[in-house]
Amino acid sequence: MPEATPTALGATAPAHGHPPAAGRTRPGVVLATVCLCQLMVTLDASIVNIALPAMGRALGLADSALPWVVNAYALAFGGLLLLGGRIADLVGHRRALLSGLVLFGLASVLGGFAQTSAQLVAARAGQGVAAALLAPISLTLIMVTFTEGPARARALGIWSTVTAGGSALGVLLGGVLTDLLDWRWVFFVNLPIVLVAALLAGRSLPAVRPPRTGRPDVVGAVLGTAAMVALVYGLMETDRHPWGSARTLGTLGAALLLGAAFLAWEARFATAPIVRLGILRVRTVWVSGLIVTLLGAGMLVGFYFCSLYLQNVLHYGPLAAGAAFLPFCAGTMAGSMVAARLTAHLGGRAVLTTGLLLAGLGMLWFDGLAVDSGYLTAFVGPSLVTSVGVGLCMVANTSMGTSGVDPREAGLASGLLNAGRQCGGSIGLAVLSTLAVATTRHAAEGGDTAPAALAAGYDRAFVVTAVLLGLAALVAVVFVPAPRRAPAAGGSAAVEPAARR
């Protein structure tokens, strides 16, 4: 068996391009395992959205505290993603994956039995830490298990479909569980998923002990996570403390200093940095990272405010609100399934730009939602347009972000993509929650009824989300290279040029 070569962030790329532990790894079971893990990770990013009002009533949560039930997960996930992938280098993929599953299960039990808001937020943070172990390993395992082009493309397509559809399915499942059972089941539902995924991982992943690669970059992880927490906390508190107040300026200033310290540490002092900054010179990496950050903000904010609109303005119950997202689930799956084929014929830039524009137009269409809006006339249309766009650009952007990098740094590229999506969602939710609250307060002071004031706040958030997605489309047009045509003998498919460094 060829000797394994350690890679960045959990990717253990085999020498001479062969899968690790060839003959012992079962590719189909590996794909099922990582997709199940990714489904749980993305599901839990949105499954609590529909349950938030019920959680608030049961535990006495203030409206300003509700975003932290979402953000506790996203912050821990995004802040520790890079370290999570690096840990796999030290303990191996199998051990790291099983550890992440056990931690996810324990955090889900804590959330299901939570009696206070502190316990609930702590459970969500625990789930986020576990997700930071699972997500980078899942994509890295695909990159090192499926080494041939067509097989890897199919596996990436399936993985991206699961990623894109998981968030939409989370909203639907959250509504069903909250209405038919109890909001606590949005946590308990993870337990059978953990059990099945652990059994599959035990069968499909060899217990290979990786070579020593140094200690984890704990200082870098602490600095990076602290910078993100300070930034999002400062932004969220602007609904109570003005932008020019000493508290807001101090918190945001601390975030900038911590971010600068993180970059300095990674560049000059870390012996085994969690981010090798030189990889950001690869065009596909930094462009896809920027796009997925903007897309993450759009997706998380869209799900969050749509679920609140359905329940707080149209007064849907949890089951009806979850079922209302069925068109979104269908559109996301449809867009994901056709994205790989369209990319092969049209090129990544065309598919990515089209998907982002569709998602942005759908969010702009949501701006028309009002107290008297009908579901069929005002919600289904924008849901379908947005979801098809999200499915298209998720697959195209993931494929672009994992291409053009050294195989030894596949884990680093996947970690950056996941971190960008989660951090973008956290920042977007923090900023737009503040904006929506301020708009709602202004509308109420102007004489609007409570539902109308809420709708005005949500509409403002949808407009800004559309602008973010439009900006992402502009980035794709300007910075994603145009495809070049393959030779006639090889067919007519468009081929992306090599990444520029």
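In what follows, the structure referred to is the one given above.
Position labels on residues start from 1 in each chain and follow its written sequence. pLDDT decides what is reported in this predicted model: residues at 70 or higher carry local features, side-chain atom pairs at 80 or more are listed and counted, and totals for whole chains, interfaces and linings draw on all residues regardless. Each side-chain value is worked out from all heavy atoms of the structure, with water and hydrogens disregarded.

Caption draft 1: Broad picture of the overall build of the protein chain. Helix and strand counts for the protein chain stand at 17 helices and 4 strands. Throughout, exposure labels follow a simple rule: accessible area from a 1.4 Å probe, protein chains only, divided by the maximum for the residue type, with under 20% read as buried, over 50% as exposed, and the rest as partly exposed. Residues counted as buried form 56% of the 501 residues belonging to the protein chain. Only heavy atoms matter for contacts: two residues are in contact if any of them lie within 4.5 Å across the pair. A separation of at least 24 residues holds for 82% of the contacts in the protein chain among residues at least 6 apart in sequence. With residues, only the protein chains shown are counted as cover, and all accessible areas are computed by Shrake-Rupley using a 1.4 Å probe. Accessible surface, the protein chain: about 19700 Å² in total, of which carbon and sulfur atoms supply 68%. A run of H or I in DSSP counts as a helix once it spans at least four residues, and a run of E counts as a strand once it spans at least two, with each numbered from the N terminus.

Caption draft 2: Looking closely at the packing of aromatic side chains. Aromatic rings from Phe, Tyr and Trp, with only the six-membered ring used for Trp, were paired whenever their centres fell within 6.5 Å, and each pair was classed as stacked if the ring planes differed by under 30 degrees, edge-to-face if by over 60, and tilted otherwise. Applying the stated criterion to the full structure yields 10 aromatic pairs. Clustering of aromatic rings is evident, with ring pairs tying together Phe366, Tyr375, Phe379 and Phe462.

Caption draft 3: Representation of helix H1 (residues 27–59). Expected helix span is given by 1.5 Å per residue-to-residue step, counting one fewer step than there are residues. Taking 1.5 Å per residue as the helical rise, H1 with its 33 residues ought to reach 48 Å, and the 45 Å between its terminal C-alpha atoms agrees with that figure. Here H1 lies mainly inside the structure; 27 of its 33 residues are buried. Gly60 sits one or two positions beyond H1 and adopts a positive phi of about 70 degrees.

Caption draft 4: Examining helix H3 (residues 93–112) more closely. Relative to the 28 Å expected for 20 residues at 1.5 Å per residue, H3 spans 28 Å between its end C-alpha atoms, a close match to the ideal helical length. By the burial criterion, the buried members of H3 are His93, Ala96, Leu97, Gly100, Leu101, Phe104, Gly105, Ala107, Ser108, Gly111 and Gly112.

Caption draft 5: The arrangement of the side chain of Thr33 in detail. By the element assignment, Thr33 lies in helix H1. Assessed through its relative accessible area of 1%, Thr33 is described here as buried. Apart from residues lying up to four places away in sequence, Thr33 is in contact with Leu97, Ala197, Leu200, Ala201 and Ser204.

Caption draft 6: Fine view of the nonpolar core. Among the nonpolar cores identified, the biggest contains 109 residues, and Met55, Leu120, Ile291, Phe305, Phe325, Leu352 and Leu356 are the most heavily contacted of them. For this core, the element with the most residues is H1, which contributes 18 residues. Sequence-distant contacts of Phe325, defined by excluding residues within four places in its chain, comprise Ile50, Val171, Phe303, Cys306, Ser307, Leu310 and Phe379. What makes a nonpolar core is a set of buried Ala, Val, Leu, Ile, Met, Phe, Trp, Tyr and Cys residues whose side-chain atoms join them at distances within 4.5 Å. Of all hydrophobic cores here, the second largest spans 10 residues; its members include Leu83, Ala221, Ile279 and Leu416.

Caption draft 7: Molecular detail of the environment of Leu277. Assignment of secondary structure puts Leu277 in the loop between helix H9 (246–269) and helix H10 (283–312). When its relative accessible area of 27% is taken as the criterion, Leu277 is described as partly exposed. Discounting chain neighbours no more than four positions away, the residues touching Leu277 are Leu263, Glu266 and Ala267.

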